[in-house]
Structures are given as C-alpha cells and as structure tokens.
Amino acid sequence: DFQLVDSLRVPLIAIDTQMKAAMDALALTGTPQLFLPTLQGSVVNPTNYVTTGHYIQNGKNITLWFNVTMLAGFTAGSGAYNISIPVPRSTYPGTIAGSAMLMYHAAGSTPNFSVAPTVGSGGNMSAVAFQCLSAGILAQVTNAAPWVWAVNAQLSACLMYTSM
C-alpha cells in the first residue's frame, strides 16, 4: 500500500517510519509498542480498512502515532468516528493533545484537512474522536464529514495523552 506525499507515492511503512523518527526527535524514552487501532462509528462500525500504529508509555504519559487506510470494499459505517487507544485516558479535562491529518481523499477534489483530537463519543475513555473545520464550522469527523469516506482515504495522527 502507498500514501500520496507531496505528489509522490510513498509506501505506508515509510510513513510509519517517519512518524517514529518524529517521536525519536522528541527524545521520548521507552520502546515503541505495536498497536493496531480500531476505527469505530458511533452508530455502525466501518469495515475493510487497515491500521498501523505504535505507542510509548512513560508513567501515565502516552505518545501514540497511527495511520488508518480505507481498502477496496470499504464501507463507511455511520455516525461520529472514534479511534481506539491502547491505554484508557484520564477523565481530567485537557489530558489529550496532538494533531492529525486526513491525508488523502480518493476523489482528489477535497483538500487535506488538519483535525484536532477530542473526547471519544459518549465520553468513551478508550477512544479519541476528531474535529475539523468544515464549511466554516468546527464539526466532528463522521462517516460523511468532512467528506464521504472512500477507498484510499487516510487518517494519520500523532497524539499525546495522560492515562488513568
């Protein structure tokens, strides 16, 4: 599988390697642990996607990076999208920070979006949700927003949060 980066097709493994290198640059200590997140819909879960991811835990501090790619036969599910996280997060406000990017839209007509992590739907402590600015309104990323998800669409993120 490949990812479009600056008009170049780059193997997905290279993106995961780039994210790990970015984490190394932050002088994080600890051994990255493999983590394969689950993409969840708040009403119906999507199907036919692949994930890669890793995390480092230092005490209660978790640093997580992952990529989700929609495959052939992808079904978008319905409702707000959440991504599972390896260690439940703290209930204390402001305990999640980071950035994410909707990296590629298969139709090619929609620009990439930067999105912000937020509390998982329904206060889920084992997941994060994402918000983006769409049509001038801050809205949660769903199966149909900021676009209808399709094959080759991707969500990549690097997050830091505090565990329970």
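Residues numbered from 1 in each chain as written. Predicted model: local features only at pLDDT ≥ 70, side-chain atom pairs only at ≥ 80, totals over all residues. Heavy atoms only, no water.

A word on the overall build of the protein
Quick reminder of the rule: Secondary structure counts use DSSP, requiring at least four H or I residues in a row for a helix and at least two E residues in a row for a strand, with both numbered from the N terminus. To sort residues, take the accessible area from a 1.4 Å probe on protein chains only and compare it with the maximum for the residue type: under 20% means buried, over 50% means exposed, and anything in between is partly exposed. Whether two residues are in contact is decided by their heavy atoms: any pair within 4.5 Å suffices. Each accessible area is a Shrake-Rupley result for a 1.4 Å probe, and residues are judged covered by the shown protein chains and nothing else.
On a plain count of helices and strands, the protein comes out with 1 helix and 12 strands. Out of the 164 residues in the protein, the part that is buried amounts to 41%. Of the contacts formed within the protein by residues at least 6 apart in sequence, a portion of 65% connects residues at least 24 apart. Carbon together with sulfur atoms contributes 59% to the accessible area of the protein, which is approximately 8,000 Å² in total.

Here's the deal with the environment of Val-50
Mapped onto the elements of the fold, Val-50 is located in strand 5 (residues 47–58). Residues Val-50 and Val-68, 18 residues apart in the sequence, show an inter-C-alpha distance of 5.8 Å.

Overview of the nonpolar core
To keep things clear, this is the line we draw: Throughout this description, the term nonpolar core refers to a set of buried Ala, Val, Leu, Ile, Met, Phe, Trp, Tyr and Cys residues connected via side-chain atoms within 4.5 Å.
One finds Leu-64, Phe-66, Tyr-81, Ile-83, Phe-130, Trp-149 and Leu-159 to be the most contacted residues of the largest nonpolar core, which totals 25 residues. Looking at this core, the elements with two or more residues in it are strand 6 (61–75), strand 7 (81–84), strand 10 (127–134) and strand 12 (154–162). Sequence-distant contacts of Leu-64, defined by excluding residues within four places in its chain, comprise Phe-35, His-54, Tyr-55, Ile-85, Pro-86, Ala-157, Cys-158, Leu-159 and Tyr-161.

So, the confidence of the model for the protein
For residues with low pLDDT, the predicted coordinates do not support detailed interpretation. This is how the line gets drawn: Per-residue confidence from the predictor is reported as pLDDT, which spans 0 to 100.
Predicted confidence across the protein gives a mean pLDDT of 75, with 63% of residues reaching 70 or more. Element-level pLDDT for the protein is lowest in strand 1 (residues 2–5), with a mean of 43, against a maximum mean of 95 in strand 3 (residues 33–34). Residue range residues 1–12 is modelled with pLDDT below 50. Its contacts to residues more than four positions away, or to other chains, number 25 contacts.

Let's talk about the environment of Gln-57
Under the convention used in this document: Distance and chemistry together define a polar contact, namely a pair of N or O atoms within 3.5 Å, with one atom able to donate a hydrogen and the other to accept it when in protein, and with adjacent residues in sequence counting only for side-chain atoms on both sides.
Counting through the fold element by element, Gln-57 comes out in strand 5. A residue is classified by how much of its surface remains accessible, and Gln-57, at 39% relative accessible area, is partly exposed. Residues Gln-57 and Met-160, 103 residues apart in the sequence, show an inter-C-alpha distance of 9.8 Å. A polar atom in the side chain of Gln-57 sits 3.0 Å from the backbone oxygen of Gly-59.

Considerations on the environment of Ala-157
Tracing the sequence through the fold places Ala-157 in strand 12. Judged by relative accessible area, Ala-157 falls into the buried class, the value being 2%. Here the alpha-carbon distance between Ala-157 and Trp-65, two residues 92 residues apart in the chain, equals 5.5 Å.

Remarks on the pairing of strand 7
As a reminder of what qualifies: Note on pairing: two strands pair once DSSP finds at least 2 bridges between them.
Residues Tyr-81 and Ile-83 line one face of strand 7 and the alternating positions Asn-82 and Ser-84 line the opposite face, and both faces are buried. The pairing of strand 4 (residues 39–41) with strand 7 spans 3 bridges and is antiparallel. Considered in strand 7, the bridge of Leu-39 is made with Ile-83.

With respect to unusual backbone geometry
Trans peptide bonds make up most of the peptide bonds, and negative phi angles are found at most residues other than glycine. The phi angle at Asn-48 is positive, at roughly 65 degrees, despite the residue not being glycine. Tracing the chain through its elements places Asn-48 in strand 5. For Asn-48, a relative accessible area of 40% gives the class partly exposed. Positive phi, close to 80 degrees, is recorded for Asn-152, a residue that is not glycine. Tracing the backbone shows Asn-152 in the loop between strand 11 (137–140) and strand 12. Accessibility expressed as a relative area gives 39% for Asn-152, which makes it partly exposed.

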